[in-house]
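# Chains, contacts and geometry: an overview
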Amino acid sequence: MQNFQWMTEGNVVLPQIDYRKIEQWLLNVAKNHGKIIGDINYIFCDDKTIVDVNNQYLKHDYFTDIITFDRSTRGTLKADIYISLDTVESNAHKLQQNFLTELHRVIVHGVLHLCGFKDKTPQERAEMETEENNALLLFQNTNQ
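Before going into details, it helps to say that this report is about the structure given with it. (Residues numbered from 1 in each chain as written. Predicted model: local features only at pLDDT ≥ 70, side-chain atom pairs only at ≥ 80, totals over all residues. Heavy atoms only, no water.)

Further remarks concern the environment of Glu-131. One can find Glu-131 in helix 5 (residues 122-141). Spatially, the C-alpha atom of Glu-131 lies 7.6 Å from that of Leu-112, the residues being 19 residues apart in sequence. What Glu-131 contacts, discounting residues up to four positions off in sequence, is His-33, Leu-112 and Phe-117. (Helix = DSSP H or I, 4+ residues; strand = E, 2+ residues; numbered from the N terminus. Contact = heavy atoms within 4.5 Å.)

The following block contains the structure:
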């Protein structure tokens, strides 16, 4: 049984997005990769919070848009996913992208990590980007 939680930490408010549509979309992305969604907690935060989380748990002292803590078991995806809305906004501006499109990309990026996709090497990053783009196309067709 899937259970999405959408929360905030730090100095941010929940983004105004269609959570029901996003949840259906993420269920479909996971299903397309032979997985099912269990409990996934999305924690939207600010840059200060994500640096603190990154430093405390990963010993990295830098900003990032997303940190995924995988708790999956036997094909059931479970995780705590931190997303810095500050960094998403900065990246959207740098990439000349709409904020919501970039936010959707980051939201699905976490699920793709849980499905087994990596992004450390150039080849892995290219594969991840392809999967993100495919997922964004799927999002456009969800509940239309």
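Text resumes after the structure shown.
So, on to the pairing of strand 3 (residues 66-70). Examined bridge by bridge, strand 3 and strand 4 (residues 76-84) share five bridges and lie antiparallel to one another. Residue pairing for strand 4: Thr-68 is matched across the bridge by Ile-81. (Pairing = 2+ DSSP bridges.)

With that settled, consider the sheet that holds strand 2 (residues 36-45). One open sheet accounts for four strands, arranged 1-2-4-3; its pairing is mixed. The outermost strands of the open sheet, each flanked by one partner alone, are strand 1 (3-9) and strand 3. The mean inter-strand angle of the sheet, taken between neighbouring strand axes irrespective of direction, is 15 degrees. Pairing of strand 1 with strand 2, which is carried by seven bridges, proceeds in the parallel orientation. Bridge pairing in strand 2 places Thr-8 opposite Phe-44. Sheet strands touched by helix 1 (residues 19-32): strand 1, strand 2 and strand 4. Its angle to strand 1, the strand with the most contacts, is close to 125 degrees. Strands in contact with helix 3 (residues 85-94) are strand 2 and strand 4; relative to strand 4, the strand with the most contacts, it is inclined by about 70 degrees. (Axes fitted to C-alpha atoms, helices over the stretch in contact; angles between N-to-C directions.)

By themselves these figures say nothing about function.
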